[in-house]
Amino acid sequence: MNKNQQTLRIFGDSILKGVVYSEKEDRYVLLEDNGYTKLGNALGMEIQANALFGCTVTKGMQLLKRAIHRGIACDVVLLEYGGNDCDFLWDEVAAKPESNHFPNTPLTNFDETLRTMINMLKSISVIPLLMTLPPIDSDLFFAHICRNGLNKDNIRYWLKDIQNIGRHQEQYSAQIKKIASETGTRLIDVRSEFEASQKTKYLLCKDGIHPNKQGHALIMQRLATEGARLLDERNLLDSVNLKDRMLPLPRYENTRSTEQ
C-alpha cells in the first residue's frame, strides 16, 4: 500500500450498500458490481463500505460510536442517511388515515444526530463527508408501498397529495445541505446530479426510491470527482485532470429495469 493512500469508510443505508429492487424476483437484491472497486482504483483509496439496508441515522450513530471505540482506522467518513429516516410506517397510515403519523426519525432529531456524528469525527481528526438524497418518484413509490394490498384510498387521503411523498423526502435532503453549510462539512450533492440529468425516472428502480444500476453509476461518478478534489486539496493526490478520475456511465435506456 502506498504510504499516502487514504482510507474512506462509508456509513449509510441501502443506497450506498448497492441495493436495487428486482422486478423479476419482486425483492431487493445487491448489485453484482456496486462500483466500489472502480472507485477505489480511480482515487487510489481503500474503500470500506459499512452501509446497512434499512439503516437510520440513529442506528448509524450507534455503529459510528462502536467503530470509534474500537479504533476507527480511516481518514475520511462518508455519512449517507435520510432515506429511511423520512419514511413512515405505511401499514399504520393505511389502517388509521385520520390519525397523526410521524417519520421514523423526525427532522429535528435527524438534524441533531447528524451534527453530533460530524462533531465526533472532527474531534478525532477524521474528515466527515455528507451526501444529499437522490430524488424520489412519488407515483412509483406510492404504487410500490400499496402493491401488497394496503388501502390506497386511505393512504392517499392521509397524504392529501401523492407528490407530498417526494416533497417530504426533499426536506431531509435540504436539511443535509443546511447542516453541511453550517458545519463547514464537504457535501457530495448527488441529488443535483440526478435532477440535472433530466432523466431521473430512468435512474430509479420501479420502487421509485432506490437508484438502479445507472443511478448507482452516477453516484459513483460524483464520489470519484469529489474524492479526487478532496485528496488534491490536501496534496495527497498527484495533480491530474479530474476527467481522468471520472468513471464511465452506462447509456440511458428508454425502459426502467433494476436488472440493467
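Computed from a prediction, not measured in an experiment: that's the story for all the values here.

Q: What is the right way to look at unusual backbone geometry in this model?
A: Working note: non-glycine residues mostly have negative phi, and peptide bonds are mostly trans. With a phi close to 55°, Asp26 is a non-glycine residue in the positive phi region. Tracing the backbone through its elements, the reader meets Asp26 in the loop between strand 2 (19-22) and strand 3 (27-30).

Q: Whenever I open this one, the sheet that holds strand 1 (residues 7-12) confuses me. Can you help?
A: To summarise the sheet geometry, strands pair through backbone hydrogen bonds and adopt either a parallel or an antiparallel arrangement. Across the sheet, five strands lie side by side as 4-1-5-6-7; this open sheet has parallel pairing. Of all strands in the sheet, those bounded by a partner on one side alone are strand 4 (46-49) and strand 7 (186-188). When strand polarity is set aside, the average angle formed by the axes of neighbouring strands in this sheet is 25°. With three bridges connecting them, strand 6 (residues 127-131) and strand 7 associate as parallel partners. By the bridge assignment, Leu129 is partnered in strand 7 with Arg186. Strand contacts of helix 10 (residues 213-233): strand 5 (76-80), strand 6 and strand 7, with the helix running at about 155° to strand 7, the strand carrying the most contacts.

Q: Got a minute to help me understand the pattern of salt bridges in this structure?
A: Between side chains of opposite charge, a pair can form as their charged atoms come close. Following the criterion strictly, the structure yields 14 salt bridges and no others. One salt bridge connects Lys178 with Glu182, and the closest N-O pair in it is separated by 3.0 Å. Of this pair, Lys178 and Glu182 both sit in helix 8 (residues 164-183), four residues apart, which is roughly one turn of the helix. Residue classification places Lys178 among the partly exposed residues on the basis of a relative accessible area of 40%. With relative accessibility at 47%, the residue Glu182 sits in the partly exposed group. Ionic contacts of the salt-bridge type, sharing partners, join the residues Arg186, Glu193, Arg222, Glu226 and Arg229 into one network.

Q: Is there a simple way to explain helix 5 (residues 107-123) in this structure?
A: The periodicity of an α-helix, 3.6 residues per turn, causes residues three or four places apart in sequence to face the same way. If you check helix 5, its first and last C-alpha atoms are 24 Å apart, about what 17 residues at 1.5 Å a residue would give, namely 24 Å. Those residues of helix 5 lying buried are Phe110, Asp111, Thr113, Leu114, Met117, Ile118, Met120 and Leu121. Packed against the buried residues of helix 5 are helix 3 (57-69), strand 5, strand 6 and helix 8. Following helix 5 by one or two positions, Ser125 adopts a phi angle in the positive range, close to 65°.

Q: Even after reading the chapter, I still don't get the pairing of strand 2, so can you show me in this structure?
A: Looking along a regular strand, one sees the side chains alternate between the two faces of the sheet. Judged by which residues are buried, strand 2 turns out to be covered on both faces: Val19 and Tyr21 on one side and Val20 and Ser22 on the other are all buried. Relative to strand 3, strand 2 is paired through four bridges, and the arrangement is antiparallel. What sits directly across from Val19, in strand 3, is Leu30. Hairpin connection, strand 2 to strand 3: the antiparallel pair is bridged by four residues, and Asp26 has positive phi, about 55°.

Q: Please explain the confidence of the model for the protein as it appears in this structure.
A: Low pLDDT means the predicted atomic positions in that stretch should not be read closely. In the predicted model, the protein carries a mean pLDDT of 88, and the fraction of residues at 70 or more is 88%. Contacts for the low-pLDDT stretch residues 236-242, under 50 throughout, to residues beyond four places or in other chains number 14 contacts. Taken as a whole, residues 251-260 scores under 50 in pLDDT and shows 32 contacts with residues more than four places along the chain or in a different chain.

Q: Could you clarify how one ought to interpret the packing of aromatic side chains in this entry?
A: How two aromatic rings sit relative to each other is given by the distance of their centres and the angle of their planes. Across all of its chains, the model carries seven aromatic pairs by this definition. Geometrically, the ring pair formed by Tyr21 and Tyr28 is edge-to-face, given 5.3 Å between the ring centres and 65° between the ring planes. Of the residues examined, Tyr28 reaches a relative accessible area of 26% and is grouped as partly exposed.

Q: What's the story with the side chain of Thr185 in this structure? I'm lost.
A: Among the structural elements, Thr185 can be located in the loop between helix 8 and strand 7. A distance of 2.7 Å separates a polar atom in the side chain of Thr185 from a polar atom in the side chain of Thr183. Beyond its immediate sequence surroundings of up to four residues, Thr185 is in contact with Ile118, Lys122, Pro128, Leu129, Leu130 and Ala180.

Q: Is there a simple way to think about the pairing of strand 6 in this case?
A: The element strand 6 is largely enclosed, with a buried count of five among its five residues. The two faces of strand 6 match: Ile127, Leu129 and Met131 on one face and Pro128 and Leu130 on the other face are all buried.

Q: What's the story with the side chain of Asp85 in this structure? I'm lost.
A: With respect to the helices, strands and loops of the structure, Asp85 is situated in the loop between strand 5 and helix 4 (90-95). Buried within the structure, Asp85 lacks any salt-bridge partner; its nearest side chain of opposite charge belongs to Arg191, at an N-O separation of 13 Å. Aside from chain neighbours lying at most four places away, what touches Asp85 is Thr56, Val57, Thr58, Pro103, Asn104, Thr105, Phe110 and Tyr172.

What counts, and where the lines are drawn
Residues numbered from 1 in each chain as written. Predicted model: local features only at pLDDT ≥ 70, side-chain atom pairs only at ≥ 80, totals over all residues. Heavy atoms only, no water. Helix = DSSP H or I, 4+ residues; strand = E, 2+ residues; numbered from the N terminus. Pairing = 2+ DSSP bridges. Axes fitted to C-alpha atoms, helices over the stretch in contact; angles between N-to-C directions. Contact = heavy atoms within 4.5 Å. Salt bridge = Lys/Arg side-chain N within 4 Å of Asp/Glu carboxyl O. Buried < 20%, exposed > 50% of the residue type's maximum accessible area, 1.4 Å probe, protein only. Expected span 1.5 Å × (residues − 1). pLDDT = per-residue confidence, 0-100. Phe/Tyr/Trp six-rings, centres within 6.5 Å; stacked < 30°, edge-to-face > 60°. Polar contact = N/O pair within 3.5 Å; in protein donor to acceptor, adjacent residues only side chain to side chain. Lys, Arg positive; Asp, Glu negative; His and termini not counted.

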